[in-house]
Amino acid sequence: PFTLAIAKHRLDEAEVKADLREIGPRVPFTIGTEFQLEALRVTHSVPDAIGLSITTKSGRALHTGDFKLDGMPIDGRLTDLERMGELGEEGINLLLSDSTNAERPGTTPSEQIVRENFERLFSKITTGRIAVSMFGSHLHRAQHVIELARKLGRRVLLLGRSLQRNVALAQQVGLFAQHEDVLIPFDAAPAIPREQLMIVCTGAQAEARSALTGLISNEPGPLRLEAGDTVVLSARAIPGNEPMIGTLINQLLGRGLHVITASGEPGIHTSGHAARDELRKTLEVTRPRHFIPIHGELRHLHAHAALARELSVTTTIATDGDVIGVDEHGGHSLGRVQVGQHLMRREGVAPVSELALAERRWLAESGAIVAVVVLQQGSGKILHGPVLQGHALQQDEVAVLSLATDSARQQLTELSDAMRGDDARVREELIRGSRRVFKQLLGARPTILPIVVRLP
């Protein structure tokens, strides 16, 4: 077994125009065993996508990465099936291949279809703004939306941190034109006549803080979509997001916006992943001795595995964390490793523990109340309070805050002086008295933070 760490560097223009197979990394490394890497050009919705051929003394593995077999890609960079076939002739012990669209019959339409449909639809829209919402990584689509806007006499505003960051990086390395005559900054957009503005933004999955949801916010702002504007949701719903996207569409329609979706106009989006016929062709070209489907949900992995078995390729289904060994008899489990999210704070280097994360989620859901009481040292006499201050409470919870204060005070007065001399007991009674009202009247359990102050 070995571990790979790969850094992808941008090459100069002459090298970029060369065949990726000729310029890809072919440098042997030694980490317990010697192996070679070869980058294989693949077509995807992200520019410069690659697969990897990994050759060791024990055999060769081919990892396709995300890919499809688009015959007319926007950047002209075809998936290198020829080289995959050559590797298949030499012998591929293990193929790991993208399963995202394994349930979809036929082939995935070309991105050129989206370009043609955008031109057909947008040329008919002569009034109002056009907002095209898509994934922030889909730079090919953003590129041809900008080119179409120039043709239609519209200026373009890019909205969404991920989209803006990706475009800026792509411009730095020459993958994305500057478009200085079309792109405008945010502060210039409100002054552009509505029929002359096109917005390219993130938020097609109805994310709560996305650029698109900001454009329809009820809060005042310099730029908001208005009745008569058009919104194009140029993305497929990620499984599980359908209810949120449905709510978003209803909100858009409720504001008087014209909404174009991929369900009504299939040609406004195409996937970056291969469908069944393309996956079959990849299997036939590479002729692996063994196959492990990757990417997608478990049902996609099973659909891809069934396709491989039709071609008499031995197959192993693996999920996140499975360690699989492959030999002449096929794949077998070697155990599991711990996998999952490893959350880090934006500032600093310390990881976020599961306990801390659970507590923060609870605070977000329940709200918090700080309960402060001032007692006299020794006697335990109540000098001031208790005072309850609520944070992130609902309106009905705020309304019963005074009742909770009375309940907490009553709870403390019923304690003996000796009991009020014990800080732990006082904190316990503050929590009990404060929470009782919320539980009885509202069925709520806000987080209570008790503070005991002692004065001479």
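You'll find the structure just up there.
Residues numbered from 1 in each chain as written. Predicted model: local features only at pLDDT ≥ 70, side-chain atom pairs only at ≥ 80, totals over all residues. Heavy atoms only, no water.

Before we move on, could you go through the side chain of Arg154 and cite the residues and values that matter?
On the secondary structure map, Arg154 appears in the loop between α5 (139-152) and β7 (155-159). With no salt bridge to any partner, buried Arg154 finds its closest opposite charge in Glu195, at an N-O distance of 7.2 Å. A polar atom in the side chain of Arg154 sits 3.3 Å from the backbone oxygen of Ile125. Engagement of the side chain of Arg154 in a polar contact is seen with the backbone oxygen of Glu195, the distance being 3.4 Å. (Helix = DSSP H or I, 4+ residues; strand = E, 2+ residues; numbered from the N terminus. Buried < 20%, exposed > 50% of the residue type's maximum accessible area, 1.4 Å probe, protein only. Lys, Arg positive; Asp, Glu negative; His and termini not counted. Salt bridge = Lys/Arg side-chain N within 4 Å of Asp/Glu carboxyl O. Polar contact = N/O pair within 3.5 Å; in protein donor to acceptor, adjacent residues only side chain to side chain.)

Quick one: what's the story with helix α9 (residues 276-286), residue by residue and with numbers?
Buried within α9 are the following residues: Glu278, Leu279, Thr282, Leu283 and Thr286. For α9, the angular spread of the buried residues around the axis is 140°, confining them to a single face. Considering only its buried residues, α9 is in contact with β4 (59-63), α3 (81-90), β5 (94-98), β11 (290-294) and α10 (298-310). With its phi angle positive at about 45°, Arg287 sits one or two positions after the end of α9. (Arc of directions from axis to C-beta. Contact = heavy atoms within 4.5 Å.)

An account of the nonpolar core is requested, with residue identities and associated values reported.
Within soluble globular proteins, side chains that are nonpolar generally end up buried alongside one another. One finds Phe118, Phe122, Val132, Val156, Leu158, Val200 and Val232 to be the most contacted residues of the largest nonpolar core, which totals 27 residues. Elements with a minimum of two residues in this core: α4 (111-122), β6 (130-133), α5, β7, α6 (161-172) and β8 (197-201). Top element by residues in this core is α5. It accounts for six residues. Within the second largest apolar cluster, 23 residues are counted, among which are Leu159, Leu223, Leu233 and Leu252. (Core = buried A, V, L, I, M, F, W, Y, C linked by side-chain atoms within 4.5 Å.)

I'd like to hear about the sheet that holds strand β16 (residues 382-391), residue by residue, with values.
Strand pairing in a sheet is mediated by backbone hydrogen bonds. Such pairs are either parallel or antiparallel. The strand order β16-β15-β17 describes an open sheet built from three strands, whose pairing is mixed. On the outer flanks of this sheet lie β16 and β17 (447-455), each paired with one strand and no other. Averaged over all pairs of adjacent strands, the angle between their axes in this sheet comes to 15°, without regard to strand direction. Direction of pairing for strand β15 (residues 368-376) relative to β17: parallel, over a ladder of nine bridges. Directly across from Ala368, in β17, lies its bridge partner Thr447. (Pairing = 2+ DSSP bridges. Axes fitted to C-alpha atoms, helices over the stretch in contact; angles between N-to-C directions.)

Can you lay out helix α13 (residues 401-413) for me, pointing to particular residues and giving the numbers?
Taking 1.5 Å of rise per residue, the 13 residues of α13 would be expected to cover 18 Å, and the 19 Å separating its terminal C-alpha atoms lies within 8% of that figure. Where α13 is buried, its residues touch β15, β16, α12 (395-399), α14 (417-420) and α15 (423-442). (Expected span 1.5 Å × (residues − 1).)

If you had to explain the environment of Thr314 to someone new, which residues and values would you point to?
By the secondary structure assignment, Thr314 is in strand β12 (residues 314-315). Relative accessible area serves as the criterion here: at 40%, Thr314 is assigned to the partly exposed category. Sequence separation of Thr314 and Ile292 is 22 residues, and the distance between their C-alpha atoms is 8.9 Å. Filtering out sequence-adjacent residues up to four positions away, Thr314 remains in contact with Arg289, His290 and Phe291.

Describe the pairing of β11, and please don't skip the residues or the numbers.
For β11, the tally of buried residues reaches five of five residues, placing the bulk of the element in the interior. Residues His290, Ile292 and Ile294 of β11 are buried on one face, and the alternating residues Phe291 and Pro293, pointing to the opposite face, are buried as well. Summarising the sheet, β5 and β11 pair through five bridges and their orientation is parallel. Across the sheet, residue Asp98 finds its bridge partner in β11, namely Ile294.

Read these as geometric descriptors, not functional statements.
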